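Descriptive analysis of the structure
In case you want the letters, here they are:
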Amino acid sequence: MSTPSTASRIQREPELLGQTVVVIGASAGIGLETARRARAEGAKLILTGRNPEPLQRAASELDALSTAAFDAMDPNSLERFFCDLTPTIDHVMVTAGQPHYGRLFEMALAQARAGFDAHLMLALRVARNAAHKVRPGGTLLFMGGTGGRCIGIGLGIASTVTAALPALTASLALELAPVRVNLIAAGFVDTPLLASLLGDELENRRNQLRATLPIWRVVGPDDVAALAVHIMTNTALTGATYDIDGGQQFLAGC
Ligand SMILES: NC(=O)c1ccc[n+]([C@@H]2O[C@H](COP(=O)([O-])OP(=O)(O)OC[C@H]3O[C@@H](n4cnc5c(N)ncnc54)[C@H](OP(=O)(O)O)[C@@H]3O)[C@@H](O)[C@H]2O)c1
C-alpha cells in the first residue's frame, strides 16, 4: 500500500499543462526527446527542423500544434518564423546546429564563422526574435557542451563557443528578465548526431564511456530532456549553465 506522500507524488498535475513549447530542431535527438517529455507534461508543441518528413513524423506522434520546416541558421527564415507565431510562447528550446571541428589555421574563414554562427549567433538571434513573444517567467534554453572545455588541436571553434555561451546566456538573462535564459552543457549524448559523427566507432565509444564514466552508463537524450523540462518549470533558474555529462569532463583526455 502506498503512503500518502508517495500517492501525492504520483498524482501530481502535469507540469507544463496548457503551456506552449517551441523546439527549434525537434525531429531527432535531444530536441525530439524534449518535445516528447514536454508533451507528456501537458505542453502544446510547435516543432521545427530543416527536413519536412522527419518533422512531420514527430508532429504526428506528438500531436503538435504546428510545424515549420526551415534552416534556423538562415536569419531571415528565423525572423519570419517568430513573426508568424500567433500564440504566446512559454518556452523555446534550441537544439539546431552541430559542433564544428578542424584546425583554426587550416579552415576557411567562412567555415570558422559558420562554427561561431551555429551556436553563438543562433542563440542571440533567437533571443532577439523571441523576446517579445515569450511570456514573463518563460524560458529560452540553449545547448552547449562540456567537451570543448578541453583545449586541443582541432577543437578551437568548439572550445571558443563553449567558453562564450555561458557568458552570452547570463548576459541575455539580465537583459531579457523576467524571461529566463539558461544553457545546458552536455557531454556525449547518444543521438543521431553522434551516430553520424562517429560512424563505425559509435559502439566502441559507448563501451568506453560505460567503462569509464562515473555513472557507469551512457547519457541519453531522455536524460537531457528531463533536465530541459525541469529548467522550464523551475522559475528560480536563470542565467545559468547546467552540466549533464555523467562526469565525462573529469576523465583524462575527456
Ligand atoms: N549529442 C551530443 O553528444 C551533444 C553534446 C553536446 C551538445 N550537443 C548539441 O545539442 C544540440 C542537439 O544535438 P543532437 O545530438 O540532438 O542532434 P541531432 O540528433 O542531429 O538532432 C538535431 C535536430 O535539429 C535539427 N536541426 C539541425 N540543424 C538544424 C538547422 N540548421 N535548422 C533547423 N533544424 C536543425 C535536426 O533536423 P534536420 O536535420 O531535419 O534539420 C534534428 O531534428 C546540437 O546543437 C548539438 O551541437 C549535442
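Residue positions are given per chain, counted from 1 along the sequence in the order it is written. Reporting in this predicted model follows two pLDDT cut-offs: at least 70 for local features of residues, and 80 or more for side-chain atom pairs to be given and counted; totals over whole chains, interfaces and linings ignore these cut-offs and use all residues. Heavy atoms from the whole structure form the basis of all side-chain values; hydrogens and water molecules are not counted.

1. Description of the pairing of strand 6 (residues 180-186)
Just so we agree on the cut-off: A 1.4 Å probe rolled over the protein chains alone gives each residue an accessible area, and that area as a share of the maximum for its type sets the label: buried under 20%, exposed over 50%, partly exposed in between. The helix count covers DSSP runs of H or I at least four residues long, the strand count covers runs of E at least two residues long, and both are numbered beginning at the N terminus. Strands are treated as partners if at least two bridges between them are detected by DSSP. A crossover gets the label right-handed when its path from the first strand over the helix to the second runs clockwise, viewed with the strands pointing away from the viewer.
The element strand 6 is largely enclosed, with a buried count of seven among its seven residues. In strand 6, alternate side chains face the same way, and those of Arg180, Asn182, Ile184 and Ala186 on one face and Val181, Leu183 and Ala185 on the other are all buried. Of the pairings in the sheet, the one linking strand 5 (residues 134-145) to strand 6 comprises seven bridges and is parallel in character. Bridge pairing links Gly144 to Ala185 in strand 6. In this fold, strand 5 hands off to helix 6 (residues 156-176), which returns the chain to strand 6; that crossover is right-handed. Relative to strand 7 (residues 241-244), strand 6 runs parallel, the two being bridged by four bridges.

2. Notes on the nonpolar core
Basically, it comes down to this: In this text, buried Ala, Val, Leu, Ile, Met, Phe, Trp, Tyr and Cys residues form a nonpolar core when linked through side-chain atoms within 4.5 Å. Whether two residues are in contact is decided by their heavy atoms, any of which lying within 4.5 Å being enough.
Ranked by size, the top nonpolar core spans 35 residues in total, and within it Ile24, Phe81, Phe82, Val92, Val126, Leu140 and Phe142 carry the most contacts. Of all elements in the fold, only strand 1 (20-24), helix 4 (75-84), strand 4 (89-94), helix 5 (109-130), strand 5, helix 6 and strand 6 reach the threshold of two or more residues within this core. It is helix 5 that provides the largest number of residues to this core, a total of seven residues. If we skip the residues at most four places from it in the chain, Leu140 touches Val92, Ala127, Ala130, Val134, Leu176, Val179, Arg180, Val181 and Asn182. In this structure, Leu16, Leu141, Met232 and Leu237 belong to the second largest nonpolar core, which totals 31 residues.

3. What to know about the packing of aromatic side chains
We count it as follows: Side-chain rings of Phe, Tyr and Trp, where Trp is taken by its six-membered ring, are said to pair if the distance between their centres is within 6.5 Å; with planes under 30 degrees apart they count as stacked, over 60 as edge-to-face, and otherwise as tilted.
Under the criterion given, the structure shown has two aromatic pairs. Considering the side-chain rings of Phe70 and Phe81, the 5.1 Å spacing of their centres and the 35° angle between planes classify their relative orientation as tilted. Residue Phe70 is located in the loop between strand 3 (66-69) and helix 4, and its partner Phe81 is located in helix 4; the two are separated by eleven residues in the primary sequence. For the residue pair Phe70 and Phe81, the accessibility class agrees, reading buried in each case. With 5.1 Å between their ring centres and 70° between their planes, Phe81 and Phe82 make a pair best called edge-to-face. Relative accessible area serves as the criterion here: at 1%, Phe82 is assigned to the buried category. Each member of the aromatic cluster is reached from another via a ring pair, and the members are Phe70, Phe81 and Phe82.

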